[in-house]
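Next come the chains, spelled out residue by residue.
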Amino acid sequence: MEQDVRIDLDGVTLDGILGISAEGKGVVIFAHGSGSSRLSPRNTFVARFLQQAGLGTLLFDLLTREEDADSERRFDIELLARRLLTVTRWLRARPEGRERKLGYFGSSTGAAAALLAAAEMSGAIDAVVSRGGRPDLATPFLPQVAAPTLLIVGERDSAVLRLNRQALEFLTAEKELTLIPGATHLFEEPGALDRVAEIARNWFVKHLSE
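Bear in mind that the values here come from a model prediction, so they are computed numbers and not experimental data. (Residues numbered from 1 in each chain as written. Predicted model: local features only at pLDDT ≥ 70, side-chain atom pairs only at ≥ 80, totals over all residues. Heavy atoms only, no water.)

### Overview of the sheet that holds strand E7 (residues 149-154)
Then, in step 1: Reading across the sheet, the eight strands line up as E1-E2-E4-E3-E5-E6-E7-E8 and stay open at both edges, with mixed pairing between neighbours. Where the open sheet ends on each side, the last strands, each with one partner, are strand E1 (2-9) and strand E8 (175-180). Taking the axes of each pair of neighbouring strands and ignoring which way they run, one obtains an average angle of 20° across the sheet.
Then, in step 2: Bridge count for strand E3 (residues 26-31) against strand E5 (residues 101-107) is six bridges, and the pairing is parallel. (Pairing = 2+ DSSP bridges. Helix = DSSP H or I, 4+ residues; strand = E, 2+ residues; numbered from the N terminus. Axes fitted to C-alpha atoms, helices over the stretch in contact; angles between N-to-C directions.)

Printed below as a string of structure tokens:
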């Protein structure tokens, strides 16, 4: 069951959508990309897949509407990571998030924020998935990421694929790079996003449900 939540932090209030079932073991926190929000149709689609597998989800706005109008803030990875860390602690303090394993699902710049936050949280994050992400923007922190990390990239997204391959070399924990055949950056091709959701679900189920 989903519920709208409001998260107070850093002097601002962020809106979120929390969906956690009583029997679920893990919760995945979403970090959207630049210019997106908690209502991202692609992230919402993936969240539904995860919920059907018994995983909880939290989608939230990394920036307020006013902040999102500032292009510099959209690419301020350290700011986005701080927001994600604070929201993670907020979830940990709630009864439904206290005893569960946690994962991050990051897209575009949100993937860099997720990896930076995972590095800061040390062993407190149990899995990370990046969809068409920019893990290269968090390169200095990648060796500190302890969570098993899956990078998903469209086969035809050549520039981002190159950056992900470079970033993969800096990750020292369990890691994997998976290509979606025929897919471009937004995974708009028929069946591409379904495949992303299936692969992400399997990764999270493996690492958050054991």
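### Quick notes on the pairing of strand E6 (residues 127-131)
Then, in step 1: Among the five residues in E6, five count as buried, and that is most of the element.
Then, in step 2: Covered by surrounding structure in E6 are Ala127, Val129 and Arg131 together with Val128 and Ser130, the residues of both alternating faces.
Then, in step 3: Judged from the five bridges that link them, E5 and E6 form a sheet pairing that is parallel. Bridging from a neighbouring strand, Gly106 pairs with Ser130 of E6.
Then, in step 4: For the crossover that starts at E5, traverses helix H5 (residues 109-120) and ends in the parallel E6, the hand is right-handed.
Then, in step 5: In this sheet, E7 lies alongside E6 in parallel orientation, the contact comprising four bridges. Note on E7: the bridge partner recorded for Ser130 is Leu151. (Buried < 20%, exposed > 50% of the residue type's maximum accessible area, 1.4 Å probe, protein only. Right-handed = clockwise from strand over helix to strand, strands pointing away.)

### Considerations on the packing of aromatic side chains
Then, in step 1: If you walk through the whole model with that rule in mind, you get two aromatic pairs.
Then, in step 2: Taking the centre distance of 5.0 Å and the plane angle of 40° together, the rings of Phe30 and Phe105 count as tilted. In this pair, Phe30 is assigned in strand E3 and Phe105 in strand E5, connecting sequence segments 75 residues apart.
Then, in step 3: Ring centres of Phe45 and Phe49 lie 5.4 Å apart, and the angle between their planes is 40°; this geometry places the pair in the tilted category. You can see Phe45 and its partner Phe49 sitting in helix H1 (residues 41-52), four residues apart, about one turn around the helix.
Then, in step 4: A relative accessible area of 28% means that Phe45 is categorised as partly exposed.
Then, in step 5: Against the face of Trp203 rests Lys206, its NZ or CZ located 5.9 Å from the ring centre. (Phe/Tyr/Trp six-rings, centres within 6.5 Å; stacked < 30°, edge-to-face > 60°. Lys NZ or Arg CZ within 6 Å of the ring centre and 35° of its normal.)

Geometric descriptors of this kind do not, in isolation, establish any biological role.
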